[in-house]
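This is what each chain is made of:
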Amino acid sequence: MRTRVFALHCVAVARSRVNLWPMKVVGNRIVRRLSAEEALRRAVVLQAQVDRLNPFPRPRGFVFRAKTWEAYETWRRCQANPRLW
């Protein structure tokens, strides 16, 4: 029992000293916490940029009522604009 614990300890020490799984780090980034207002402002700007780049037009509001789930799935597969579903 004592030798097994010692062996596990040696493995743990060896792994802590030697980086067995090196990780490549590219650049540096300062991580900071944003306030709720700042995060919302950034999200609105980002969403506006995405809307400008999106090739599909924003659909007007409508309600599609299908009698069955199969009918809904059929309608959904026929739609080219993924914003509709």
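Residues numbered from 1 in each chain as written. Predicted model: local features only at pLDDT ≥ 70, side-chain atom pairs only at ≥ 80, totals over all residues. Heavy atoms only, no water.

1. Quick look at the confidence of the model for the chain
Segments scoring low in pLDDT should not have their predicted coordinates read at a detailed level.
Argument step 1. Chain-level pLDDT for the chain is 78 on average; 74% of the residues reach the 70-or-more range.
Argument step 2. Mean pLDDT across the secondary structure elements of the chain bottoms out at helix 1 (residues 2-17), with 54, and peaks at helix 2 (residues 36-53), with 92. (pLDDT = per-residue confidence, 0-100. Helix = DSSP H or I, 4+ residues; strand = E, 2+ residues; numbered from the N terminus.)

2. Topic: the packing of aromatic side chains
Argument step 1. Counted under the stated rule, the structure contains four aromatic pairs.
Argument step 2. With a centroid separation of 6.3 Å and an interplanar angle of 70 degrees, the aromatic rings of F62 and W75 are classed as edge-to-face. On the criterion of sequence distance, the pair formed by F62 in the loop between helix 2 and helix 3 (69-78) and W75 in helix 3 is long-range, its members being 13 residues apart.
Argument step 3. Ring centres of W69 and Y72 lie 6.1 Å apart, and the angle between their planes is 85 degrees; this geometry places the pair in the edge-to-face category. Of this pair, W69 and Y72 both sit in helix 3, three residues apart, which is roughly one turn of the helix.
Argument step 4. What makes W69 exposed here is its relative accessible area of 66%.
Argument step 5. Members of the aromatic cluster, connected to one another through ring pairs, are F62, F64, W69, Y72 and W75. (Phe/Tyr/Trp six-rings, centres within 6.5 Å; stacked < 30°, edge-to-face > 60°. Buried < 20%, exposed > 50% of the residue type's maximum accessible area, 1.4 Å probe, protein only.)

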